[in-house]
Amino acid sequence: MRKKICFLGLLMCVGFFALVACDGTDLNTKVEKKVSKKETGLWSIETKNDGQAIQGGTLKVGLVTDSPFQGVFSSELYEDRYDAEILQYASNSIFELKEDFLIGNEGLAKLDVDVPAKKATITIRKDVKWSDGHPFTIDDVIYPYYIIADKDYTGIRYDTDFQNIVGVVEYHKEKAKKITGIKKIDAYTMEISFKKISPSIYSIGNGLWGYAAPKHQLKNIKIKNLGKSNTVRQKPVTLGAFVIDKVVKGKSVQLVANKNYYKGRPKLDKVVIEAVPSASAAVAIKNGKYDMISGYKPNDYQAIKNFDNIDILGRDELAYTYLGFKLGKYDTKKGINRTNPKAKMGNINLRKAIVYAMNVEQVTKTYYDHLRTRANALLPPSFKTFYDGSLNGYQYDPEKAKQLLDEAGYKDINHDGYREDPKGKAFKIRFATMAGSDNEEKIDEFYIQNWKAVGLKVEYTTGHPIEFNNFYNKVQADDKNMDMFIAAWKIGSNPSPVGLYAKNAAFNFSRFASSNLTKLLKDIDSVAAMDQSYRSNAFAKWQEYMSEQATTVPIYFHTEIIPVNKRVKKFNIDHIHGTELQDIELIADEPIQSSQ
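In this text, all values refer to a predicted model and were calculated from it rather than measured experimentally.

(A) Looking closely at unusual backbone geometry. At Asp127, a residue that is not glycine, the phi angle is positive and equals roughly 65 degrees. Tracing the chain through its elements places Asp127 in the loop between strand E3 (119–124) and helix H3 (139–149). Look at Asn206: it is not a glycine, yet its phi comes out positive at around 70 degrees. Along the chain, Asn206 falls in the loop between strand E5 (189–193) and helix H5 (215–218). By relative accessible area, which is 0% here, Asn206 ends up buried.

(B) Broad picture of the packing of helix H8 (residues 348–356) against helix H10 (residues 398–408). Running from amino to carboxyl end, H8 crosses H10 at an angle of 160 degrees, the nearest separation of the two axes being 8 Å. The angle between the axes of H8 and H10 places the two elements in the roughly antiparallel class. The handedness of the crossing between H8 and H10 is left-handed. Only Pro398, Lys400, Ala401, Leu404, Leu405, Glu407 and Ala408 of H10 make contact with H8, whose side of the interface consists of Asn349, Leu350, Lys352, Ala353 and Tyr356. When grouped by side-chain class, the residues that make up the contact of H8 with H10 number eight nonpolar, one polar and three charged.

(C) Structural detail: the packing of helix H14 (residues 515–524) against helix H15 (residues 532–549). For the pair H14 and H15, interaxial distance at closest approach is 8 Å and the crossing angle is 155 degrees. Accordingly, the angle class assigned to the pair H14 and H15 is roughly antiparallel. Note that H14 runs across H15; the crossing there is left-handed. Counted together, Asn516, Leu517, Leu520, Leu521, Asp523 and Ile524 of H14 and Tyr534, Arg535, Ala538, Phe539, Lys541, Trp542, Tyr545 and Met546 of H15 form the full contact between these two elements.

(D) Fine view of the environment of Thr121. In this fold, Thr121 is placed in strand E3. Sequence separation of Thr121 and Ala149 is 28 residues, and the distance between their C-alpha atoms is 20 Å. The residues contacting Thr121, other than those within four sequence positions of it, are Lys110, Leu111, Asp112, Thr189 and Met190.

(E) Summary view of the packing of aromatic side chains. Under the definition given, this model contains 30 aromatic pairs. Judged by centre distance (5.9 Å) and plane angle (25 degrees), the ring pair of Tyr145 and Phe162 falls under stacked. Of this pair, Tyr145 sits in helix H3 while Phe162 sits in the loop between H3 and helix H4 (168–172); the two residues are 17 residues apart in sequence, bridging distant segments of the chain. Note on accessibility: Tyr145 and Phe162 belong to one class, buried. Seen in terms of ring centroids, Tyr387 and Phe557 are 5.8 Å apart; in terms of plane orientation they differ by 80 degrees. Their pairing is edge-to-face. In this pair, Tyr387 sits in the loop between strand E13 (372–374) and H10 while Phe557 sits in strand E17 (residues 552–565), placing the two residues 170 residues apart along the sequence. Members of the aromatic cluster, joined through ring pairs, are Tyr82, Tyr320, Tyr322, Phe468, Phe471, Tyr472, Phe485, Trp489, Phe507 and Phe509. Seen from the ring of Tyr78, Arg157 lies directly overhead, with NZ or CZ sitting 4.5 Å from the centre. Just above the ring of Phe427 sits the side chain of Lys344; from NZ or CZ to the centre is 5.7 Å.

(F) Looking closely at H14. Where H14 is concerned, the buried positions are Leu517, Leu520, Leu521, Asp523 and Ile524. Along the axis of H14, the buried residues cluster in a sector spanning 160 degrees; they form a single face. Every exposed residue of H14 that faces more than 90 degrees away from the buried side is listed here: Ser515, Lys519 and Lys522. In the core, the buried residues of H14 are packed alongside helix H13 (498–501) and H15.

What counts, and at which threshold
- Residues numbered from 1 in each chain as written.
- Predicted model: local features only at pLDDT ≥ 70, side-chain atom pairs only at ≥ 80, totals over all residues.
- Heavy atoms only, no water.
- Helix = DSSP H or I, 4+ residues; strand = E, 2+ residues; numbered from the N terminus.
- Buried < 20%, exposed > 50% of the residue type's maximum accessible area, 1.4 Å probe, protein only.
- Axes fitted to C-alpha atoms, helices over the stretch in contact; angles between N-to-C directions.
- Parallel < 35°, antiparallel > 145°, perpendicular 65-115°, else oblique.
- Left-handed = near helix turned anticlockwise from the far one by under 90°.
- Contact = heavy atoms within 4.5 Å.
- Nonpolar A, V, L, I, M, F, W, Y, C, P; charged D, E, K, R; others polar.
- Phe/Tyr/Trp six-rings, centres within 6.5 Å; stacked < 30°, edge-to-face > 60°.
- Lys NZ or Arg CZ within 6 Å of the ring centre and 35° of its normal.
- Arc of directions from axis to C-beta.

Structure representation (structure tokens):
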């Protein structure tokens, strides 16, 4: 991946909001017209700020979060987007991406694939050094595979995709002392053997790992202790443009320029990243506290749109928000999702009715300024070749919702305004969502009112929205008090859905598995899918099937906005061709304050 501001991560904190708009607009008002980003004419991907650059300087970054970040600074071990956004400044990524998010040959490593032999060769650059001056060798590319495959590995990346590497499972089960599918050829070359090769390998899939780990620094730390170690949390050695220098747990990170960076020493001296509560972000921007804001809430756009000290950049985000229904449990011993045919949310018409009842369009119009649009598929439109724009999705239709509930046997027998289940028993749905700003909590209440309008009683799982980290802990643990939840994914560069929806994918939070789904997923990543048109058709079939099953239903596609202070010189946020970290410059000693 390119060492630039790309804001890609794994888990994303997303919230929702409001019964009545700030201007008094009733959210139940019918949306007459869907306005696109292009019609608003607001978004540019680059700033035009010019001027004489100062020598060095410190880039000040605000990381919007209402929870402390975890501070696990390892590509193999981090689990949320906050750590990911900090890590990008000191990234150990070995591949750079070209158009369509495919692996190019301009990074630290190049990839050669032998499809018939099911093998790949990785060759790294010579004469590259880690931030501490230690030589970068192929051992550092091999070591992450041993971290993830270790029996004591505590992270989340030992999944179906990773187990596609020959010998990984045997090593994990301690039936082998080495991963037989990984061979060191020389100090700069390795070979990987796979059980299968699919098009995903060119998007860093099939088990291919895109990062290096400093073996010389980590080899004496037990894998089970790695995530807790001071080495990972305070002083990781890195290959990226900046080096983590000081950490205030959960609050801030200071990074300094990597004098050994293979693309040249950065023009900045330092980067300081601070956690900033969503409620304080707009004021901080106005007062010139930060040069840029990561994760700024799109529903707070109105608060900053007139500030004259910033440029507001925007781009399509490789992300989507979804409504998930709990349909089973994850069997941790066997590593598979077990769907319960008698699950409370198992009725397909019930699930569809819940989605038809949601007035998503009104929310996107009133509170998102069209920075969110209703999603129709579990793949962002940025993947132009594979996204199926022909799917209708679930448009707001409360009468359709009522009809489906009636047909499914959910009826209001005692005339209290809420429907009973098909057996005539009281029916309540327990709903989980993440805590956030006041507006975000209002949107949750709005959706609860939407569901009430069609006769469904929906209450918060814990009586209120849940703090970010605790929320995902409950989702992953299949909390017994959770029937449905709203969350989001940032999916990175690999569009393959196997890691999120396969039978043995730990991230398959709805716990839905079927023989049809397994077949469709395998088809997407089959050898036949090396043909682009074949794979596009396979993606279309999978998207249609998931839409029909309504187990994980997309709600929003995202436009990401990034406020950038006008002291940042010419800055571009294009996913592929954006400004790289070592090239960022400042034209003033401190961020500029707004006069508004």
